Every structure is written in structure tokens, then in C-alpha cells.
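# Residue-level structural notes
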Amino acid sequence: MQGQSRKIHNLVAATIGNTLEFYDFTVYAAFSTIISQVYFPVGNPGLALLLSTIIFGIGFLSRPIGAVVMGAFADHYGRKRAMTLTIWLMALGSLMIGVLPGYATIGLTAPILLTVARLIQGFSTGGEMGSTTAFLVESSAQERIGLAASWQIATQHVGTIISGVCGIALGLTMSSAQIAGWGWRLPFIFGAIIAPVGFWIRRNVDETLQPGQTLRSMGATIRHIFTHMPGRICLCVLLTAGATISQYFFLYGTIFAIHDLHFPATFAISINIALGLVGFPAALLGGYLSDHYNPYGITLLARLVLCILFFPAFMFLLAYPSPFVFTVVLRALMALHALASGASLRVLPDLFPMSVRTLGTGLSYSLGVTIFGGTAQPIFTLLISKTGNNLSWIYFVVGMLLVSSLSLVFLWRMPATQEDGHERVGHEVS
């Protein structure tokens, strides 16, 4: 009983930061229209929205830096110390956005500080993913590695659900003017308040980095990744690209529903809950299946079906643009996307030895998210505005999914890290 309680504690400790991270991002996406008006009063709503999504993307630039610095830190000093540091950085970024005055009060300083806050969030997120994924799989039994890793994806959907609940709560308790004036800040402040709880939980976990499994310094850890595993990193980046662009398709769905389909803001925010309730179990199912079947095959099959369904599903939505149809279409697509993403996380940690696992996993994921996820929303916005075609951004999503899936073929043939003379992830016994 005590062992089971410890497993639950480790799971909560590892995933609370990831939940907070995605909560922050979905809140920003949900309120990006209001944020654009507060920090970019340029007199052109379309341009203001574009600037707001660019700031959203700029936050991704610091992700690889965070992945390298915090990844090498976690691989040398331990997962526990890295996780306790990243959650405080997350709180700082959220608090800055929650209390930052607008353009009308401090002028150009406002968008500059907003950018700084997003860079801090990006840095902490870059370090968070690798350390928590390594911790999850290293504290898991070998036969449940995929399920353990899939909690990393599943708790992103928990963050989405929480952000949706916050949005609905604001809509029910405040007027539109109050939300636009100051109410939108409350979810960011709430996110900052969660961090001390996460820190308290994380300080009591057991370290999974084994003695003697580290390289001689953080610098040696970084050099090893870039000199011995560049091909592996590139393929993992490409693998992440498809999942990232698909995920930001759903995040952008909130903006699309408000800006292009003219749905009420309260509905567009509540869709986060509907998607999260589908994505959470689907991601865990993907992880479960990856433990029992080939994770490469599961990921590839789910992605191909998703590509096939994207166009007819979205064409149906545009033909019948009602909130009900919007919800049904996006939930069906989300189920496939989450299943593929949950299964794919079985692949990443087993491609890197323990001495560089956090850095390798975190850097691969962060580069994929930065290059492809950080540019996704501005590209979506530009494609729709320049072409006037509401299907134009779907072409981009499907094309990148197909290109990304090619990496699975190469990774499928690549030996796991046994070639580097190290142990497989997970414990022999539960």
C-alpha cells in the first residue's frame, strides 16, 4: 500500500509542472484576442492579433536554451533538483503576465515585458519536459514505460481542462467588459499560486538518477549529445514536429472560432474542456498500447488516419459552422492526435542513455516545438488572412504531419540505446 502511495506521489510530482505549463499556454491562447488589444493597440485588430501570436511564438525561442541548460543540470545533478527549479520559473512567468500593466499605462515597456515573461516560461518549459519524462520512465516498471511516459501528454490535457473551467467561470461571473478590463488576468495569477504546491510535492520525491551514471560535467553532457547523437536528435525533432503542429491546430481552434467563425467567446473557451476530456484518456490509451504493441506502428497508424480525416472533417465544419459541429469534429480529430502523441512518447526516452536522457529527450522535444510549434499560430493566421481560404491552414497541418511521420520509419530501424552500452529505462519489477 505504501509503495502504491509512493507511485501516486511521484506521478503527481512529475506531472503537476507539465499541467501548469500547458494551462498557461492554453490560457494565453484563449485570451490572445484580449491580450492583443491590451498590449498592441495598433488600430488594426488583425495586425494586433498577429502581433499577439508572434509574442506567443517568441516564448518558444528560449525552450531549447532551457532544455540544454536544465537538461544538462538534471543529467548531472539529478531530476529532482531540476524539477523543483523549473516550477518556480513557471510561476514567475505566469505572475508577470497576470500583473503586467498594459500599453496605455507604460507604453512600449508593456509588450517588451510581456516578451520577457514568455521567454521565462519557455526556458522553464524546455527544462521541464526532459526532466519529468526521465523521472516518469525511470521510476516506472519496464512493462509500463509507455503508460508512464504518456502521462506527460495526458496532463497537458488536464491543463487544457483547467484553463477551460477558468474561462467558463469568468464568463459566468463577469461581464465581457470586466473580463476584457481585468478579469483575464486572474487565470495567470491562479497559475502562479499553484507553483508553491508543486514545489512542496516535488521536494519529497526520490531521485532516479543512479550514482555513477553521470558524465564528468554539464559541459561533457552537452558535448556528448552534439558529437555522438546529432542524427538521433534531428529525427526526434522531426517526430515532434508533427505532434506539435497538430496540437497547436487545436489551440488555434479557439482563436479561429472567435475570429473567423464568430462564435461567442464563452463557447470558444469552453471547447478546451471538451477537447481535454477526449485527449486525456486517448493519450493514456496510446501509452498503454505502446507497451503491448509496437509504439512506432501505433503512432504511424494513428497519424495516417488523422491525415485522411482532416480535410473531410474540416470541410464538413465549414459547411455547417455550428458550435455543435465544431465540437464533434475537433473531438474526433483530438482522439486520434492524442493517441498518436501518447504512443510516441514511448519512443523518445529509450533512444537516450541515462547519462544524457533528460538533455536528449528535452532538447529533441523543445527544438521540435520551437521550430514548428512556435511558428504555427502566426503561419495559420497569415495563411488565412493572405489567401482568404479557411482551409489553407489545414493543408499546412496535414503536410507537416506526413513529413514528420517519415522520421518514424528511420527511428523504427535505429537501435535503442543498448548500442551505447547502457540500461533500458524502467525497473525490472514494479
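About the criteria used
- Residues numbered from 1 in each chain as written.
- Predicted model: local features only at pLDDT ≥ 70, side-chain atom pairs only at ≥ 80, totals over all residues.
- Heavy atoms only, no water.
- 1 Å grid on protein atoms, 1.4 Å probe; cavity = no way out; pocket = protein on both sides within 12 Å on 5 of 7 lines; lining within 4 Å.
- Points joined across faces, edges and corners; volume = space filled by probe spheres on them.
- Helix = DSSP H or I, 4+ residues; strand = E, 2+ residues; numbered from the N terminus.
- Nonpolar A, V, L, I, M, F, W, Y, C, P; charged D, E, K, R; others polar.
- Phe/Tyr/Trp six-rings, centres within 6.5 Å; stacked < 30°, edge-to-face > 60°.
- Buried < 20%, exposed > 50% of the residue type's maximum accessible area, 1.4 Å probe, protein only.
- Expected span 1.5 Å × (residues − 1).
- Axes fitted to C-alpha atoms, helices over the stretch in contact; angles between N-to-C directions.
- Parallel < 35°, antiparallel > 145°, perpendicular 65-115°, else oblique.
- Left-handed = near helix turned anticlockwise from the far one by under 90°.
- Contact = heavy atoms within 4.5 Å.
- Salt bridge = Lys/Arg side-chain N within 4 Å of Asp/Glu carboxyl O.
- Patch = residues over 30% accessible without salt bridge, like charges linked within 9 Å, V, L, I, M, F, W, Y side chains within 5 Å.
- Areas by Shrake-Rupley, 256 points an atom, 1.4 Å probe, with all protein chains shown as cover.
- Polar contact = N/O pair within 3.5 Å; in protein donor to acceptor, adjacent residues only side chain to side chain.
- pLDDT = per-residue confidence, 0-100.

### Quick notes on empty space enclosed by the protein
Under the defined criterion, the tally for this structure stands at three cavities of 30 Å³ or more. For the lining of the largest cavity, the secondary structure elements donating two or more residues are helix H1 (2-30), helix H8 (145-173), helix H12 (230-259), helix H15 (323-344) and helix H16 (357-373). The dominant element in the lining of the largest cavity, judged by the number of residues it contributes, is H12, at six residues. Class assignment for the residues of the lining of the largest cavity results in nine nonpolar, seven polar and three charged. Roughly 60 Å³ of internal volume is contained in the second largest cavity.

### Details of the packing of aromatic side chains
Ring pairs (aromatic) are described by centroid distance and by the angle formed between their planes. Applying the stated criterion to the full structure yields 15 aromatic pairs. Aromatic pair Phe-249 and Phe-250: ring centres 4.8 Å apart, planes at 75°, arrangement edge-to-face. Exposure remark for Phe-249: the relative accessible area of 1% places this residue in the buried category. The interplanar angle of 75° and the centroid separation of 6.2 Å between the aromatic rings of Phe-380 and Phe-396 together place this pair among those described as edge-to-face.

### Side note on helix H7 (residues 109-138)
In this model H7 runs 44 Å from its N-terminal to its C-terminal C-alpha over 30 residues, within 8% of the 44 Å that 1.5 Å per residue would give. Counting buried positions along H7 yields 24 of 30 residues, so the element is predominantly enclosed.

### Description of the packing of helix H4 (residues 63-77) against H7
Across the interface, H4 lies against H7 with an axial gap of 7 Å and an inter-helix angle of 45°. When the interaxial angle is binned, H4 and H7 end up oblique. Crossing of H4 against H7: the hand is right-handed. Of H7, the residues touching H4 (which contributes Arg-63, Ile-65, Gly-66, Ala-67, Val-69, Met-70 and Ala-74) are Gly-122, Phe-123, Thr-125, Gly-126, Gly-127 and Ser-131. Of the residues belonging to the contact of H4 with H7, the class tally is six nonpolar, six polar and one charged.

### So, the pattern of salt bridges
A full pass over the atoms with the stated rule returns six salt bridges. A salt bridge links Glu-138 to Arg-79, with the shortest nitrogen-to-oxygen separation between them at 2.6 Å. Highlighted residues: Glu-138 in helix H7 and Arg-79 in helix H5 (residues 79-99), separated in sequence by 59 residues. The class of Arg-79 is buried, set by a relative accessible area of 0%. Here Arg-346 makes a salt bridge to Asp-291, at a shortest N to O gap of 3.6 Å. Placement of Arg-346 in the loop between H15 and H16 and of Asp-291 in helix H13 (residues 265-292) is noted, with a sequence separation of 55 residues between them.

### Observations concerning a nonpolar patch on the surface
A grouping of Tyr-103, Leu-108, Ile-112, Leu-113 and Val-116 is seen on the molecular surface, where their side chains present a nonpolar patch of about 430 Å² in accessible area. A total of three residues in the nonpolar patch trace back to one element, the largest contributor, which is H7. Along the chain, the position of Leu-108 falls in the loop between helix H6 (103-106) and H7. Judged by relative accessible area, Leu-108 falls into the exposed class, the value being 60%.

### Concerning the environment of Arg-357
Residue placement: Arg-357 occurs in helix H16. Counting along the chain gives 273 residues from Arg-357 to Thr-84, while the straight-line C-alpha distance between them is 18 Å. Side-chain polar atoms of Arg-357 contact the backbone oxygen of Pro-349, separated by 3.3 Å.

### As for the side chain of Thr-327
Here Thr-327 shows up in helix H15. Among the polar contacts made by the side chain of Thr-327, one reaches the main-chain carbonyl oxygen of Pro-323 at a distance of 2.9 Å.

### A few points about the environment of Ser-385
Along the chain, Ser-385 falls in helix H17 (residues 376-387). A polar contact is formed between the side chain of Ser-385 and the backbone oxygen of Leu-382, at a distance of 3.1 Å.

### Structural notes on the environment of Ala-104
Its location among the elements puts Ala-104 in helix H6. Considering only alpha carbons, one finds Ala-104 and Ser-270, 166 residues apart in sequence, at a separation of 30 Å.

### Observations regarding the confidence of the model for the protein chain
Mean pLDDT for the protein chain: 83, with 92% of residues reaching 70 or above. Averaged pLDDT values for the elements of the protein chain fall to 72 in helix H3 (residues 45-58) and rise to 92 in H4. Low confidence marks residues 418-424, where pLDDT is under 50. Its contacts with residues over four positions away, or in another chain, come to 17 contacts. Counted against residues more than four places away or in other chains, residues 426-430, with its pLDDT under 50, gives 18 contacts.

### Some words on the packing of H12 against H15
At a closest axis distance of 10 Å, the pairing of H12 and H15 adopts a crossing angle of 160°. Looking at the two axes, H12 sits roughly antiparallel to H15. As H12 runs across H15, the sense of the crossing is left-handed. Residues Ala-243, Ser-246, Gln-247, Phe-249, Phe-250, Gly-253 and Ala-257 of H12 form the contact with H15, whose own contacting residues are Phe-326, Leu-330, Leu-333, Met-334, His-337 and Ser-341. Grouping the amino acids of the contact of H12 with H15 by side-chain chemistry returns eight nonpolar, five polar and no charged.

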